[in-house]
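# Commentary on secondary and tertiary structure
Residues per chain, in single letters:
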Amino acid sequence: MVIVGIDPGLAHTGWGVIRSDDRTWQTCAYGCIDTHASQSMAERLRAIYEGVSEVITCYHATHAAIEDVFSGNNVRTAFSLGQARGSALLACSLLETEVGEYPPNTIKQHVVGHGHADKEQVSYMVQMLLGLDHVPQPDHCSDALAIALTHGFMLSRNDLLKEECLS
């Protein structure tokens, strides 16, 4: 199973790809799709769409996971986050990639153990869980890998529950 995690943002959309091999996780790659304020909104959304499409295709991702929109105080920020998310979701849909959506607290709960962890704790646990010799940078990449891990944990848990029901 190959999972791409997506941390959507209009200026920086982080992505991280992990592969599962019998309950162990391996990092395939990670990076960031950057857009600039000088670009039109349409150009920025197209860049996100094309970038996510390229990652899914290049790594033959079978699953994708994306951070859900959180309700923040800044409506403008929430709106542009939603547009970036929409571009990423469109790429997943058109490539027929199964998508899981998770709120930030759920991601933190699954990766760190509590839903109010800070960015440093999440980055550290991503490094430990994936056996990396460094913390993935920038933070958007670490967050994307955390999102991919969360989806992997959820899929593994669902598989275990199915096995229990069948036995």
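This section reports on the structure supplied with the text. (Residues numbered from 1 in each chain as written. Predicted model: local features only at pLDDT ≥ 70, side-chain atom pairs only at ≥ 80, totals over all residues. Heavy atoms only, no water.)

This next bit is on the packing of aromatic side chains. Taken as a whole and judged by the stated rule, the model has two aromatic pairs. Where Trp25 meets Phe153, the ring centres are 6.1 Å apart and the plane angle is 80 degrees; that geometry is what we call edge-to-face. Note that Trp25 is positioned in strand β3 (residues 24-34) and Phe153 in helix α5 (residues 139-166), a separation of 128 residues in sequence. Overall, the relative accessible area of 14% leaves Trp25 in the buried class. (Phe/Tyr/Trp six-rings, centres within 6.5 Å; stacked < 30°, edge-to-face > 60°. Helix = DSSP H or I, 4+ residues; strand = E, 2+ residues; numbered from the N terminus. Buried < 20%, exposed > 50% of the residue type's maximum accessible area, 1.4 Å probe, protein only.)

With that settled, the discussion passes to the packing of helix α1 (residues 41-59) against helix α2 (residues 75-94). At a closest axis distance of 8 Å, the pairing of α1 and α2 adopts a crossing angle of 40 degrees. On the basis of their axis angle, the class for α1 and α2 is oblique. Where α1 crosses over α2, the handedness of that crossing is right-handed. In this structure, α1 uses Met41, Leu45, Ile48, Tyr49, Val52, Ser53 and Ile56 to contact α2, whose residues at the interface are Gln83, Ala84, Ser87, Ala88, Leu90, Ala91, Cys92 and Leu94. Across the contact of α1 with α2, the residue classes break down as twelve nonpolar, three polar and no charged. (Axes fitted to C-alpha atoms, helices over the stretch in contact; angles between N-to-C directions. Parallel < 35°, antiparallel > 145°, perpendicular 65-115°, else oblique. Left-handed = near helix turned anticlockwise from the far one by under 90°. Contact = heavy atoms within 4.5 Å. Nonpolar A, V, L, I, M, F, W, Y, C, P; charged D, E, K, R; others polar.)

Reading across the sheet, the five strands line up as β3-β2-β1-β4-β5 and stay open at both edges, with mixed pairing between neighbours. In this open sheet, the two edge strands, each paired with only one partner strand, are β3 and β5 (98-102). Each adjacent strand pair in this sheet contributes to an overall mean axis angle of 20 degrees, direction not counted. Taken together, the ten bridges between strand β2 (residues 12-21) and β3 define a ladder with antiparallel strand orientation. Following the sheet pairing, Ile18 is matched in β3 by Thr27. (Pairing = 2+ DSSP bridges.)

Another point: the environment of Thr97. Within the secondary structure, Thr97 sits in the loop between α2 and β5. Remark: the alpha-carbon pair of Thr97 and His12, spanning 85 residues in sequence, is separated by 22 Å. If near-sequence neighbours (up to four positions away) are discounted, Thr97 is found in contact with Ile56, Ala61, Thr62, His63, Ala64 and Cys92.

Glancing now at the environment of Thr57. Tracing the backbone shows Thr57 in helix α1. Sequence separation between Thr57 and Ala11 is 46 residues, and the spatial gap between their C-alpha atoms is 22 Å.

Another point: the pattern of salt bridges. Under the definition given, this model contains four salt bridges. Between Glu50 and Arg46 there is a salt bridge, with its nearest N and O atoms 2.7 Å apart. Remark: Arg46 and Glu50 occur in helix α1; sequence separation between them is four residues, near one turn of the helix. Note on Arg46: relative accessible area 54%, which makes it exposed. Across the pair Asp143 and Lys119 runs a salt bridge, and its minimum N-O distance is 2.5 Å. Of this pair, Asp143 sits in helix α5 while Lys119 sits in helix α4 (residues 119-129); the two residues are 24 residues apart in sequence, bridging distant segments of the chain. Overall, the relative accessible area of 41% leaves Lys119 in the partly exposed class. One salt-bridge network, held together by shared partners, links Asp68, Arg85 and Glu101. (Salt bridge = Lys/Arg side-chain N within 4 Å of Asp/Glu carboxyl O.)

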